[in-house]
Amino acid sequence: MKKFRVGSAAGVAAVLSVMWVSPAAIADEESTVDVVANVTPADVTAAIDTPLLDGGESTVTIDRLTVDVSTEATDGVSISAGSGTATIGLPFADDATAGISTDPGTVTYDNGNASSSVVLVHDTGSVQVATVIDTAAAPTRYDYPIDLPEASSLVLQGGGGVAVVDDATGEVLGSFAAPWAKDATGKDVRTRYEVEGQTLTQVVEHNTNYLYPVVADPTYTTSVIYLSKAQVVTMYNGLHGISGACSALPIPYPASIACLGLAPAAQVEKAYWNKWRIKVTYYNCGFNYCSYTTYTAVP
């Protein structure tokens, strides 16, 4: 799988000063993150406890995923998993101000049109981009340009979500959860996704019948990654306690899933002796108690 990025974001080299702002410094003013928390507190609570934008950009690793954010909205949000990197472009990025981080795990970009984009990196590895709409004068369409892996497409799903699908196999590589939008009272605002080529658009039908600010959001979760042959060796060593991998702390993620019995030993053995990789597939049925992950040895 190739590494892919939004074309308009490639080559951006400007590095700004540290943008971390203490929440105490804005105690007298409600931040956009506060607005999101008022509507969907669980999503803000799920953000990682890490200040972002140290030195103008941040890279955080969550289990098997790496997420990159920047003060420049045109850089988008990059999500690396295995051998591929997806960069989700942000709405109105060309006109947005430099991002600021008022709360750990978040970055806010003012779009300059009565709307803001709030990126939340969740501790599960999913990435949420909440749109905060301040007034009825704000746009109703929010475009997310996405460069896809070769031979894959954005596909609207029956439940309203959008999947990144491998054209050859039909396998879901990642997915955007069904969209939602709510006003300041929690009232549902009509919203939907539209797909055209490599652009995902969230349409939010807000108007003066709602109390502002309105919050809307796409949330992206990677479904499939591949653990390298080198990682398979680490898992095999951990499975057999070689070099004390299972008793040492901290345990690297690929080894820990074997040590904890989360990866079937037969698949680890098969991949190790055949010098194969391991395919990790995450199935999200919408509720924590029925989501699960499979591990399969593949060439």
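Residues numbered from 1 in each chain as written. Predicted model: local features only at pLDDT ≥ 70, side-chain atom pairs only at ≥ 80, totals over all residues. Heavy atoms only, no water.

**Some points on the side chain of serine 152**
For step 1, the next point in the chain: Along the polypeptide, serine 152 turns up in strand β9 (residues 152-156).
For step 2, the next point in the chain: Apart from residues no more than four positions distant in its own chain, serine 152 is found in contact with Val164, Val165, Asp166, Asp167 and Leu173. (Helix = DSSP H or I, 4+ residues; strand = E, 2+ residues; numbered from the N terminus. Contact = heavy atoms within 4.5 Å.)

**Some points on the environment of alanine 265**
For step 1, the next point in the chain: Within the secondary structure, alanine 265 is located in helix α5 (residues 265-274).
For step 2, the next point in the chain: Looking at alanine 265, the relative accessible area reads 38%, which means it is partly exposed.
For step 3, the next point in the chain: For the pair alanine 265 and leucine 239, spaced 26 residues apart in the sequence, the C-alpha separation amounts to 7.4 Å. (Buried < 20%, exposed > 50% of the residue type's maximum accessible area, 1.4 Å probe, protein only.)

**A few points about the confidence of the model for the protein**
Detail in the predicted coordinates should be disregarded across regions flagged by low pLDDT.
For step 1, the next point in the chain: Mean pLDDT for the protein: 78, with 75% of residues reaching 70 or above.
For step 2, the next point in the chain: Here residues 1-28 is modelled with pLDDT under 50, and outside its nearest four sequence neighbours on either side it reaches 60 contacts, counting other chains as well.
For step 3, the next point in the chain: The low-confidence segment residues 247-256, where pLDDT is below 50, has 10 contacts with residues more than four positions distant or belonging to other chains. (pLDDT = per-residue confidence, 0-100.)

**Things to note about the pattern of salt bridges**
For step 1, the next point in the chain: By the definition in use, this model includes 5 salt bridges.
For step 2, the next point in the chain: Its salt-bridge partner being arginine 141, residue glutamate 194 comes within 2.8 Å of it at the nearest N-O pair. Taken together, the residues span a long stretch of sequence, with glutamate 194 in strand β13 (residues 191-196) and arginine 141 in strand β8 (residues 141-145) at a distance of 53 residues.
For step 3, the next point in the chain: You can call glutamate 194 partly exposed: its relative accessible area is 26%.
For step 4, the next point in the chain: Judged by relative accessible area, arginine 141 falls into the partly exposed class, the value being 38%. (Salt bridge = Lys/Arg side-chain N within 4 Å of Asp/Glu carboxyl O.)

**Structural notes on the nonpolar core**
For step 1, the next point in the chain: Counting 41 residues, the largest nonpolar core has Leu52, Val119, Leu154, Phe176, Leu200 and Val204 as the members making the most contacts within it.
For step 2, the next point in the chain: Here this core gets 3 residues from one element, more than from any other, and that element is strand β7 (residues 127-133). (Core = buried A, V, L, I, M, F, W, Y, C linked by side-chain atoms within 4.5 Å.)

**Some thoughts on unusual backbone geometry**
For step 1, the next point in the chain: Cis peptide bonds are those with omega within 30 degrees of zero, and the linkage from tyrosine 212 to proline 213 qualifies with 5°.
For step 2, the next point in the chain: Inspection of the secondary structure assignment puts proline 213 in the loop between β14 (199-204) and β15 (214-217).
For step 3, the next point in the chain: Despite not being glycine, phenylalanine 92 has its phi angle at roughly 55°, a positive value.
For step 4, the next point in the chain: Its location among the elements puts phenylalanine 92 in the loop between β4 (84-88) and β5 (106-110).
For step 5, the next point in the chain: Although it is not a glycine, lysine 275 adopts a positive phi angle of roughly 55°.

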